[in-house]
Structures are given as structure tokens and as C-alpha cells.
Amino acid sequence: TLVRVVLSPISSFPEPSALYTACKMVRWLSAKLGPTVASRHVARNLLRLLTSCYVGPTRQQFTVSSGESPPLSAGNIYQKRPVLGDIVSGPVLSCLLHIAHLYGEPVLTYQYLPYISYLVAPGSASGPSRLNSRKEAGLLAAVTLTQKIIVYLSDTTLMDILPRISHEVLLPVLSFLTSLVTGFPSGAQARTILCVKTISLIALICLRIGQEMVQQHLSEPVATFFQVFSQLHELRQQDLKLDPAGRGEGQLPQVVFSDGQQRPVDPALLDELQKVFTLEMAYTIYVPFSCLLGDIIRKIVPNHKLVGELAGLYLESVSPSSRNPASMEPTVPSTGPEWDPQGGGCPQDDGHSGTFGSVLVGNRIQIPNDSRPENPGPLGPISGVGGGGLGSGSEDNALKQELPRSAHGLSGNWLAYWQYEIGVSQQDAHFHFHQIRLQSFPGHSGAVKCVAPLSSEDFFLSGSKDRTVRLWPLYNYGDGTSEMAPRLVYTQHRKSVFFVGQLEAPQHVVSCDGAVHVWDPFTGKTLRTVEPLDSRVPLTAVAVMPAPHTSITMASSDSTLRFVDCRKPGLQHEFRLGGGLNPGLVRALAVSPSGRSVVAGFSSGFMVLLDTRTGLVLRGWPAHEGDILQIKAVEGSVLVSSSSDHSLTVWKELEQKPTHHYKSASDPIHTFDLYGSEAVTGTVSNKIGVCSLLEPPSQATTKLSSENFRGTLTSLALLPTKRHLLLGSDNGVIRLLA
């Protein structure tokens, strides 16, 4: 929901200040949420939003800065005139490229490229169909995003995925673009825009890979593009009529072309196709590709002579004195003194042939210091988020740009886990534990007694027998083997720390070693210390109240429950829990998400439910046969408790019988956390289990390998948004696993 709220202003073409703020928020969220959440929620919505930028005839109009509309062929070979949708999509593309900058090239190849393939994939219907406006916009968005991706791919990666780009992107796009039976909702205008963008994309790839690789990998797309001119030329010669005679109702006429193939043709589309594939379009296609491919064009384009003749006819209509399409430089406006207006994007005076951003000078390959053209192409700077950053300014016209390396780039285990996560459906409500090690946090010299992630999940707290509390960052680094240092160490405790948590409302940390310490996580400064009233009656359990409350609840060894408001001195409330009985020591406390009730678990297995508003005991019952080890309270008045009697039990607050009851075969479940309707459990034998809290009950258990986790499991905490596990051990090391 937060992501949708942040992204909504971007596509509505707001004031520049609002657009700038929204884009900054998206970038901040992308870094804060981490690679899996950013890809699943931010990047996915940005990709959907990109299609919306091209929906409707208004967004598919060429932007004209002056009164006259320049010809289609104006500008550099791979950058043509922009449409309004390009300007609207500028901020979206900028944010998408920022995510790729944060987490590396895999974002481009494993998330963006498959989505592009999905956008351009043919529909399920095998027969002729008319595109809807969403599919039409998706084709434009796909070609635009592919062009951005090509610029930032390394040479090795580009060659590796070139067959995929050819078969999954270019050929499907060309099948719609050159189709004789599929119409565009916006008619000739949308098809023209797609044609110009496809020319730019194929030309950019040709410039990156060179003539020989074009012949090897792109022969089919280039030939398909040129073939449509021959088909339309033959249809004009055959003078196809709209007469339905000779064919059944709903059937399209079949036309045999000179290549021997019989294809269906929709006569109603001929007018639209002839408006798109005009003499000017033939000139726009033929001239740059003849310059790019040289003599190779004769090998891969069977009808190159026909398209060349059409280009000559256009040139003659523009400038009757010049009929040769190869000598057209004086007739077309140039974008700069050093750029051939229809050439290969190279300086007119040299004969360099470019491959992979380098130039061939004689028999020597020379790598230029700056591969960017000095003059902006006709697409110009895409309207984005102001200056700077990826995808803005002059970088839009580069043949190749290095994707800046980030400390958060995906590799190793992080990459493997991220690849799995982006393929998981967002509707999947189950927790899947794959035992993938992502990070290690060494530093404690004693056993880790407790771990607690902050609500934002970008930091977590740990308390240990070494009498310290440490604040750790949770951003991804390295390949899964890296070790992180704590951001802050709190050293004011005098005994082993057995509880640590965060008061969400004031953003303070609460930790307890028998005395409660309230301190600032930003500075490490102690704000308040609450000592037990009697040193012989120590505190045995602590819990923090949910926002907007600012209270801490503490249980002492005399079965007394006390509430302290961190904003006020002294005690807030004090309640006796024993009620004349001797249930033992309070081992665990849990506060309901609403803050209206608190449940205490005793060493005898007894549990007591207390109303925090009145102080009345709502219920007391013998829940287990052994010590209560941990209690969690969740929405719907549900309690989950574990005990030394090897059981994990689910209760309704005011119902006598448990809802579910699980029994551990070997060891008691001494630590667990909740993920939706599931409980993730841990035992001292280093077994991680996932139990369903709904019908029918189920349980799956995984033994931690010594490679991923060493020592004995002492504490566990789950990051619900990122779906990671923090596991503390008796050797003082905490590991992040997924």
C-alpha cells in the first residue's frame, strides 16, 4: 500500500516539485527495503506503471518544439523523436535504473527482461485479433525499456542474452508491427511510433555488436522488418479488394506472396499499413541500416533493392536533384557538426567501425575515453527528476554506459535467493525456509540470549551474556559470506541481558538484565533505568506495549506485574497475578496487538490473562505441564505458547480448550516467532520448523547444517516483510538465513 501511494504521483504528470519528491521517496524506499522487497513490490509496480505512461492517443503524439514537424529520419541513427509518453515515463525509467544501480546487472536481465518478454508475448488466441489499448501501450513501453537496458549491459552479458532479445523481444514486436491481420487501437499513429522505436532499438544493438554479430544473431529480425515493404508492394500490385466473395463468413482472404508463402490479409488494415510503411519510412529504415551493415545487408535482406528504390523515390520527392539514397547527407537536418545525420552515429570524416563501444583504426582496436556523443540525440533529455542520476541528461544518448558498482550489488547466495524470491507469487502467504546463508554478525563474546528486529527491518538488536546490547545493520552486502560490524554497542548493563525490544511510539530501546534500561538507539545514551524495588525480588520477564502506548510491563519473582510509562517518573500500575496461588516465577510476558490485555506464563505451566485497562484477571488456567518458555499474542485474541513439555499450543483468549496443539518429538521449542498464520520454531538441536496455525494443522522441520550455522541455537527472530530469519547462537554469532 505504501508503494502504491508513493508511486501514484509519478504517472499523473504533477508539478516538478511533487514529482521530484515522489522519485526521491521511491529511491529511498528501494535502498531501505533491500533487494527482494524492492524488486517484488517497488520494481514490479514501476514496471506496471511504465505501460500506463503510453496508454491513449494523447501519450502517443510526437512532441514538437516548433511549428513544423521534422521528418521521421531526423536525428542520430538510434535516437528518434520522442512522444509525450517518453516524457511521462522519464521518472519511471529513472527509478527503475536506480534499482538496477543499487543491486546490479541481474535486475536488468532476470527481472526487467522477462517482464518485457511478457509484455510483447502474443495473446493466447491463435486467430487474428485486434490489440487492446493496454497491450498497445505495453509494446511501446517494452521497446523503450529494452533500449535503456541495452545501454547498461556489459559486452559479455549482451552477447549471452542476445538470442533471448532476438527471439523473445524483437521477433514478437515485429510480429505485431508487420502483421497484416492485427490492427492497433490508435491506428497508424501508434504503429508508426512503434516502428520508429523499433528502428532505434535494432540500430542500437547493431552499433553495440558490429556487423559480423548482426549477421549471426539478428538476420531474422532485420529481414522480417524489411519484408513488410515487399508484402505491401505486392498487395498494391494485386489490388486486393474488400469483396468477401470466395471466402466463408469471418474468414480473411489468403494471399500467396512471391516467397511462396500463403498469408491471411485483412483488407481493412491495408490503409493503416500504407500510412505507416510509406516512402519516408522506407528511407528512414534503409539509409541507417545500409550504413551500419554495409555489404552484409545484401546477404541478410533479400528485398534490399526494393526498399532502396523506395528510399530513392522519397529522396527524389524531397530533393529532385538527388536520387541516390546513399548521398543524402545535405538533404536531412543534422543534430551536430560531428554527427552524420543518417550515418552510423560516427564522425563523418573517419571510417571507424564500432564494436562493443570501441573503434577499429586500421588493424588496431582503440577504446575511446568517452563513448558518449557530445550532442543530445533527437529524443533529447527525457524529462525525469532533474539533473544527475542514471537515465538522465546526456546519458540517454550513449551507446554504452557502465552500470556503477554498488556495495549492495547482488552476488553469490544473495543473488540465488533474490532470483527465487522474484519468482514467488505475491499471494503466497507461506514462509519457505531454504537454509541460504545471507550474512553473519560476529561480535558478542557470550551466548546470544535475545534478538529483536526494529519495525523498519533495516536494523536489529541483540542481547547477550556478555552484558552488552548491539545494534546491527540489515542491508545486503557481499555474497553471503560477509561479516558485519555493529553500528552501536550499549555497555551499561551489569548482568546478562535476557530481553531487548523497541518502544515503537518514542523509538526507544528497552533492555533488561534484572533492571530495565531505556536508551536512545541513535546515540546510545541511557534515558532511564528502572531497578527492582527489592534486590531479592528481581525482574524475570519484560514486554513493551504496542504503539501508540509508551509503557513497559515488567514481572518480578513475587508474581507482581508493574507498568512504567517511559515519559513519567514512578510506577504507572501494579497488579498481583498469583491470586493466592503459588504458580512459580513469571517466565514470559506477551501483550496483545491492541494493548488491551497481557498474558503471563509461569514456571509451573500456569498462564494468567490480565485486562490492562481495569487490572482484572480475565482468566487463569494450567496451560502446560512444564515451564512456559515463550508466549506470543496475535490479532484475533489468539495466544501461542511453548513449554519445556515439548509442546506448542494455540489458544483463544477466553476459550478453555486449545485450538491447536503440536508436540516436538525430541526437544522443547524454546524459541519461536510468527509469520501470518504460521509459527517458525527453533530447538536446541538446531532444528527449524514451520507450523500452521490454521486447519488442517501441519508441520515441516529442517535441520540446520553446520556450514550455515555453528553452535547451539539460542534465539530466533523473523523479519516478516523480508522473510528472513535471524538466528542467535551460544558462541555469540548471529546469522541471517532465508
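Residues numbered from 1 in each chain as written. Predicted model: local features only at pLDDT ≥ 70, side-chain atom pairs only at ≥ 80, totals over all residues. Heavy atoms only, no water.

An unreviewed UniProt entry lists the protein under the name WD repeat-containing protein 81, with Rhinopithecus bieti given as the organism. Database annotation for the protein, UniProt heading Sequence similarities (unreviewed entry): "Belongs to the WD repeat WDR81 family." (UniProt positions renumbered as here; feature names shortened; annotations may be inferred.)

## Considerations on the overall build of the protein
Secondary structure summary: the protein contains 14 helices and 33 strands in total. Partitioning the contacts of the protein with sequence separation of at least 6, the portion at a separation of at least 24 is 59%. Element-wise, carbon and sulfur atoms account for 52% of the exposed surface of the protein, whose accessible area totals about 31100 Å². (Helix = DSSP H or I, 4+ residues; strand = E, 2+ residues; numbered from the N terminus. Contact = heavy atoms within 4.5 Å. Areas by Shrake-Rupley, 256 points an atom, 1.4 Å probe, with all protein chains shown as cover.)

## What about empty space enclosed by the protein?
The final tally for this structure, using the stated rule, is 4 cavities of 30 Å³ or more. In this structure, the second largest cavity encloses a volume near 60 Å³. Take the lining of the second largest cavity: its biggest share by element is 4 residues, from helix α2 (residues 16-52). The residue makeup of the lining of the second largest cavity, split by class, is 5 nonpolar, 4 polar and 1 charged. Three or more residues apiece are contributed to the lining of the second largest cavity by two domains, here domain 1 (1-64 + 73-239 + 255-317) and domain 2 (412-419 + 433-737). (1 Å grid on protein atoms, 1.4 Å probe; cavity = no way out; pocket = protein on both sides within 12 Å on 5 of 7 lines; lining within 4 Å. Points joined across faces, edges and corners; volume = space filled by probe spheres on them. Nonpolar A, V, L, I, M, F, W, Y, C, P; charged D, E, K, R; others polar. Domains from an automatic or database assignment.)

## Observations regarding the sheet that holds strand β24 (residues 638-643)
Strand order in the open sheet made by the 4 strands is β23-β24-β25-β26, with antiparallel pairing throughout. In this open sheet, the two strands that pair with only one neighbour each are β23 (628-634) and β26 (660-663). Within the sheet, the average angular offset between the axes of one strand and its neighbour, ignoring direction, is 15°. Of the pairings in the sheet, the one linking β23 to β24 comprises 6 bridges and is antiparallel in character. Bridge pairing in β24 links valine 634 to valine 638. (Pairing = 2+ DSSP bridges. Axes fitted to C-alpha atoms, helices over the stretch in contact; angles between N-to-C directions.)

## Some details on the confidence of the model for the protein
Taken as a whole, the protein shows an average pLDDT of 83; of its residues, 82% reach a score of 70 or greater. Across residues 242-248, where pLDDT falls below 50, the model places 5 contacts with residues more than four positions away in sequence or in other chains. Of the regions scoring below 50 in pLDDT, residues 327-357 engages in 72 contacts with residues more than four places distant in sequence or in other chains. (pLDDT = per-residue confidence, 0-100.)

## Focus on the packing of aromatic side chains
Using the criterion set out here, one finds 12 aromatic pairs in the structure. Between tyrosine 490 and tryptophan 519 the ring centres are 4.5 Å apart and the planes differ by 5°, which places this aromatic pair in the stacked class. Note that tyrosine 490 is positioned in strand β10 (residues 488-490) and tryptophan 519 in strand β13 (residues 516-519), a separation of 29 residues in sequence. Across the pair, exposure class does not vary: tyrosine 490 and tryptophan 519 are buried alike. Consider the rings of phenylalanine 563 and phenylalanine 575, whose centres lie 5.9 Å apart with planes at 75°: the pair is edge-to-face. Pair noted here: phenylalanine 563 is in strand β17 (residues 560-565) and phenylalanine 575 is in strand β18 (residues 573-576), with a separation of 12 residues, a long-range link. An identical accessibility class is assigned to phenylalanine 563 and phenylalanine 575; each is buried. Here the guanidinium or amino end of arginine 619 rests over the ring plane of tryptophan 621, the centre of that ring lying 3.8 Å away. (Phe/Tyr/Trp six-rings, centres within 6.5 Å; stacked < 30°, edge-to-face > 60°. Buried < 20%, exposed > 50% of the residue type's maximum accessible area, 1.4 Å probe, protein only. Lys NZ or Arg CZ within 6 Å of the ring centre and 35° of its normal.)

## Quick word on the pattern of salt bridges
Two side chains that carry opposite charge are able to pair once their charged atoms sit near each other. Following the criterion strictly, the structure yields 18 salt bridges and no others. Note that aspartate 155 is salt-bridged to lysine 400, the shortest N-O span being 3.1 Å. Note that aspartate 155 is positioned in helix α6 (residues 155-177) and lysine 400 in the loop between β5 (364-366) and α14 (412-421), a separation of 245 residues in sequence. With its nearest N and O atoms 3.4 Å apart, the salt bridge here joins arginine 562 to glutamate 574. Of the two residues, arginine 562 sits in strand β17 while glutamate 574 sits in strand β18, which places them 12 residues apart along the sequence. Residue classification places arginine 562 among the buried positions, given a relative accessible area of 12%. Taken together, the shared-partner salt bridges in this structure form one network comprising Arg40, Glu421 and Arg723. (Salt bridge = Lys/Arg side-chain N within 4 Å of Asp/Glu carboxyl O.)

## A look at the pairing of β13
For a regular strand, side chains alternate in direction, first toward one face of the sheet and then toward the other. A two-sided burial pattern is seen for β13, the buried positions comprising Val516 and Val518 on one face and His517 and Trp519 on the other. With 4 bridges joining them, strand β12 (residues 508-512) and β13 adopt antiparallel strand pairing. Among the inter-strand pairings, cysteine 512 is bridged to a residue of β13, identified as valine 516. Where β12 hands over to β13, the hairpin turn is made up of 3 residues, of which glycine 514 adopts a positive phi near 115°. What sits between the antiparallel neighbours β13 and strand β14 (residues 526-530) is a turn of 6 residues, in which glycine 524 has the positive phi angle 80°.

## Observations regarding the packing of helix α7 (residues 188-209) against helix α11 (residues 279-293)
Between two packed helices, both the angle of their axes relative to each other and the distance between the axes serve to describe the pair. In the contact formed by α7 and α11, the axes pass within 11 Å of each other and the chain directions differ by 5°. Classified by the angle their axes make, α7 and α11 are roughly parallel. On the side of α7, the interface is formed by Thr192, Cys195, Val196, Ile199, Ile202, Ala203, Cys206 and Leu207, while α11 contributes Met281, Thr284, Ile285, Phe289, Leu292 and Leu293. Tallied by class, the residues present in the contact of α7 with α11 amount to 12 nonpolar, 2 polar and no charged. (Parallel < 35°, antiparallel > 145°, perpendicular 65-115°, else oblique.)

## Describing the sheet that holds strand β7 (residues 448-453)
Paired through their backbone hydrogen bonds, the strands of a sheet run either parallel or antiparallel. Spatial ordering of the open sheet is given by β7-β8-β9-β10, a layout of 4 strands whose pairing is antiparallel. Unpaired on one side and paired on the other, β7 and β10 mark the two borders of the sheet. Within this sheet the neighbouring strands show an average axis-to-axis angle of 20°, counted without direction. Across 5 bridges, strand β8 (residues 459-464) lies against strand β9 (residues 469-473) in antiparallel orientation. The residue of β9 that forms the bridge with phenylalanine 460 is tryptophan 472.

## Overview of the packing of helix α9 (residues 219-238) against α11
Where α9 meets α11, the closest approach of the two axes is 11 Å, and the angle between their N-to-C directions is 145°. Classified by chirality, the crossing of α11 by α9 is left-handed. Here α9 contributes Val222, Phe225, Phe226 and Phe229 to the contact with α11, which in turn contributes Met281, Ala282, Ile285, Tyr286, Phe289 and Leu293. For the contact of α9 with α11, the per-class residue count stands at 10 nonpolar, no polar and no charged. (Left-handed = near helix turned anticlockwise from the far one by under 90°.)

## Side note on the environment of serine 464
Assignment of secondary structure puts serine 464 in strand β8. The exposure class of serine 464 is buried, given its relative accessible area of 0%. Taking the C-alpha atoms as reference, serine 464 lies 9.4 Å from lysine 495; in sequence the two are 31 residues apart. Excluding anything up to four places from it in sequence, serine 464 contacts His444, Gly446, Ala447, Val448, Lys449, Ser496 and Val497. Reaching out from serine 464, the side chain makes a polar contact with the backbone oxygen of glycine 446 at a distance of 3.1 Å. For serine 464, the side chain forms a polar contact with the main-chain nitrogen of aspartate 466, separated by 3.1 Å. (Polar contact = N/O pair within 3.5 Å; in protein donor to acceptor, adjacent residues only side chain to side chain.)

## Details of the UniProt feature "repeat: WD" (unreviewed entry) in the protein
As annotated in UniProt, the feature "repeat: WD" (unreviewed entry) corresponds to residues 441-472 in the numbering used here. Helix makes up 0% of residues 441-472 and strand makes up 53%, while its end C-alpha atoms are separated by 8 Å.

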